[in-house]
2 protein chains.
Amino acid sequence: MKTYNVAIMGATGAVGQQMKEQLEKRNFPINQIVFLASSRSAGQKIEFKGETYTVQEAKPESFEGIDIALFSAGGSISEKFAPEAVKRGAVVIDNTSAFRMDKEVPLVVPEVNPADIAQHKGIIANPNCSTIQMVCALQPLKEKFGLNKIVVSTYQAVSGAGINAINELKDQAADFDNAPNADAKVLPVKSAERHYPIAFNAIPQIDQFTENGYTFEEMKMINETKKIMHDDTLSVAATCVRLPVVTGHSESVYIELEAAPTLDEVKQAIAEAPGVELMDDPSNQVYPMPLMAAGLDEVFVGRIRQDLDNPRGIHLWVVSDNLIKGASLNSVQIAESMIEQGIV
Amino acid sequence: MKTYNVAIMGATGAVGQQMKEQLEKRNFPINQIVFLASSRSAGQKIEFKGETYTVQEAKPESFEGIDIALFSAGGSISEKFAPEAVKRGAVVIDNTSAFRMDKEVPLVVPEVNPADIAQHKGIIANPNCSTIQMVCALQPLKEKFGLNKIVVSTYQAVSGAGINAINELKDQAADFDNAPNADAKVLPVKSAERHYPIAFNAIPQIDQFTENGYTFEEMKMINETKKIMHDDTLSVAATCVRLPVVTGHSESVYIELEAAPTLDEVKQAIAEAPGVELMDDPSNQVYPMPLMAAGLDEVFVGRIRQDLDNPRGIHLWVVSDNLIKGASLNSVQIAESMIEQGIV
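All chains use their own residue numbering, which begins from 1 and follows the written sequence. Chain letters start at A and ligand numbers start at 1, both assigned in the order the entries are written. Reporting of local features is limited, given that this is a predicted model, to residues whose pLDDT is at least 70; pairs of side-chain atoms are given and counted only at 80 or more, and all residues count toward the totals for whole chains, interfaces and linings. In computing side-chain values, all of the structure's heavy atoms are included and hydrogens and water are not.

(A) Main features of the relation of the copies chain B and chain A. Expressed as a screw operation, the relation of chain B to chain A combines 0.0 Å of axial shift with a rotation of 180°, fitting to an RMSD of 0.0 Å. Interpreted geometrically, this transformation is the action of a two-fold axis. Among all C-alpha atoms of chain B, that of alanine 174 of chain B lies closest to the rotation axis, at 2.5 Å. To superpose the copies, least squares is applied to the C-alpha atoms of every residue with a pLDDT of at least 70 in both.

Take a look at the structure:
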């Protein structure tokens with residue numbers, strides 16, 4: 001069996017750690033592995049399959065001999081180092097937003113558009129976490145019944161904003177009576193002017209605002225969904241909200257289909273979809289929740305209902321671990337799909 | 001100035017307490033006030049306008065001489081005592097779901113359908129908290145631009161499930177590392193078979209499930225909105241989700257209008273609406289949040305955006321205190337409107 005030289009760029013971050021764990025857990029065919037980070041994190045030790053590795057400072061020449069480089073160290077790092085890695089013959093799978101909407105760069109969820117991988121020119125982009133779980137749930141419905149419109153409201157976890165956001169939530173949650181006046185420095189956006197407490201709150205801002213009043217997070221969901229699903233005419237609208245949840249994004253999704261399937265037909269399509277688990281038994285109070293989805297690979301779908309007025313309208317509740325299927329797992333699956341397709 | 005004999009039924013509960021505070025704060029024209037509750041709570045002391053009152057056990061004869069009775073002690077109590085109060089000449093303003101969909105009972109939000117009050121036959125129903133704030137925000141748009149369709153996803157606070165739910169959230173939130181295994185006895189529904197932790201979670205169930213897969217909470221929003229807005233052809237869909245928020249419901253609302261107004265026209269209609277406050281300045285990160293709305297009277301609306309595909313589509317984020325405008329304040333406003341209209 002062919003094995004590969006793999007680099008993880010941003011190895012000490014939350015997603016980098018998860019990428020390492022996915023490579024171990026899925027027994028990815030590795031020849032050599034290299035853990036890269038900024039100079040600040042270089043020197044840290046990482047355990048991988050029983051051996052100890054030292055994190056190295058990323059330099060252009062770090063990518064010599066690398067076949068596959070998994071990037072998750074921020075957009076500016078990707079912009080700087082991804083071309084250097086490609087120049088040295090690596091395929092970069094990039095988890096930042098740096099290249100996602102680049103026409104030359106495939107944006108891939110392996111359950112949805114694996115064939116796009118073959119179009120790569122060195123870089124393959126991993127979509128935004130909230131986009132990935134939604135398209136996994138909707139692709140089987142699109143294929144069977146046609147998809148015209150998506151209106152999604154998200155319920156997003158703080159871990160998408162990094163370890164500092166998790167610590168901020170933890171500190172604030174411990175001081176119940178002081179909630180409105182809790183110290184806030186990280187959320188909604190670390191670099192923004194104003195910060196708001198997240199514990200016992202809901203913040204309708206993820207990422208900065210764009211000119212049209214939507215946030216970048218909302219525009220990512222809108223634009224990435226159209227690109228992944230290859231449908232510029234698909235109507236997509238998103239409202240993205242941060243919650244006091246550590247890990248696990250939830251989404252309330254309303255869709256309008258071309259056809260008017262029965263509820264059972266919709267549920268069956270979801271149940272048969274790869275990477276998706278139907279979790280929908282209201283009479284036994286069975287539905288997905290972030291606290292239960294955290295740490296698991298699947299995209300969980302429940303609360304599936306027909307719209308009461310539009311026979312082509314369906315409502316769903318979609319939950320997945322934003323660090324796993326929303327980031328690390330999807331990146332590793334792109335690498336696996338490349339191998340399966342003989343592209344690397 | 002005419003004054004009235006007022007009873008609060010369920011005076012020791014969270015909403016009953018807020019009703020008392022609203023009567024004080026708004027200087028409601030009271031001649032005599034009586035605080036009623038079950039035998040379990042009878043004997044407790046309540047301060048009102050500097051005087052101390054003793055809570056009395058509710059009996060049919062408690063309503064002798066009462067002009068206006070504000071009920072918030074649960075549906076079965078309303079079913080038992082509201083007819084007794086009416087028989088004795090009182091007008092009952094009922095905050096439970098017992099009579100809301102009764103064709104003989106007006107369901108009133110004073111900013112939306114005050115004229116319905118005149119149709120009462122002794123009982124006037126106060127709508128569900130999540131319905132009230134939504135119709136306050138949408139009525140001005142319906143009046144100016146016509147309203148065809150509503151798709152709402154809610155982000156609801158635990159105080160709607162009572163003091164035990166608040167205490168459960170507080171206890172669970174204090175034990176961050178144990179979140180998935182936290183002890184849960186109250187939510188999502190106290191009498192239900194299964195209970196789930198609410199801290200660091202999102203539970204897509206409020207109230208029990210109905211036959212069609214929607215919860216009663218969702219069906220309340222759907223049916224009550226049509227009744228209050230006098231439009232059976234209005235398309236309404238709801239997904240209701242409980243969050244680790246103490247007080248303040250938020251709603252992500254997508255609507256389709258008859259007309260295609262500009263964004264400024266929509267914002268102006270919201271800004272001019274009674275009881276509603278426009279809070280929408282993305283460039284300064286100004287939008288409503290539950291932690292800031294708690295304790296305030298208004299319905300706050302922000303994140304107003306035009307749909308990117310449908311010129312008749314609008315997205316809004318609506319936040320209000322579920323115990324105030326969602327319950328106690330609306331009940332007291334119904335009483336005030338009765339007086340203004342000379343109905344009592």
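(B) Here's a closer look at the side chain of asparagine 113 of chain B. Residues and elements named next belong to chain B. Secondary structure follows DSSP: runs of H or I at least 4 residues long count as helices, runs of E at least 2 residues long count as strands, and numbering of each begins at the N terminus. Here asparagine 113 is to be found in the loop between β7 (91–94) and β8 (123–125). The buried label applies to any residue whose accessible area, calculated with a 1.4 Å probe on protein chains only, is under 20% of its type's maximum; exposed applies above 50%, and partly exposed to all values in between. By relative accessible area, which is 4% here, asparagine 113 ends up buried. By the criterion applied in these results, polar contacts are pairs of N or O atoms within 3.5 Å in which, for protein atoms, one can donate a hydrogen and the other can accept it, and in which residues neighboring in sequence qualify only through two side-chain atoms. In terms of polar contacts, asparagine 113 uses its side chain to reach the backbone carbonyl oxygen of leucine 107, at 2.7 Å. There is a polar contact of 2.9 Å between the side chain of asparagine 113 and the backbone nitrogen of valine 109. When sequence neighbours within four positions are dropped, the list of residues in contact with asparagine 113 reads Leu107, Val108, Ile228 and His230. Whether two residues are in contact is decided by their heavy atoms, any of which lying within 4.5 Å being enough.

(C) Broad picture of helix α5 (residues 216–228) of chain B. Residue and element names in this part refer to chain B. One less than the residue count of a helix, multiplied by 1.5 Å, gives the span that helix is expected to have. Relative to the 18 Å expected for 13 residues at 1.5 Å per residue, α5 spans 17 Å between its end C-alpha atoms, a close match to the ideal helical length. For α5, a buried count of 10 out of 13 residues is recorded, marking the element as mostly surrounded by other parts of the structure. Buried residues of α5: Glu217, Glu218, Met219, Lys220, Met221, Ile222, Glu224, Thr225, Lys226 and Ile228, and no others.

(D) Highlighting the UniProt feature "binding site: NADP(+)" (unreviewed entry) in chain A. Residue and element names in this part refer to chain A. UniProt positions are given in the numbering used here, feature names are shortened, and annotations may be inferred rather than shown by experiment. In the numbering used here, UniProt assigns the "binding site: NADP(+)" (unreviewed entry) feature to Thr12, Gly13, Ala14, Val15, Arg40, Ser41, Ser159, Gly160 and Asn322. Across 311 residues in sequence, these annotated residues place their C-alpha atoms as far as 25.8 Å from one another, rather than forming a single compact spot. Position of serine 41 relative to the elements: it lies in the loop between β2 (30–37) and β3 (45–48). A relative accessible area of 11% places serine 41 in the buried class. Residues in contact with serine 41, not counting those within four places in the same chain, are Thr12 and Val55. At 3.4 Å, the side chain of serine 41 forms a polar contact with the side chain of threonine 12. Along the chain, glycine 160 turns up in the loop between β9 (147–155) and α4 (163–173). Every residue in contact with glycine 160, bar those within four places of it in the chain, is listed here: Arg242 and Asn322.

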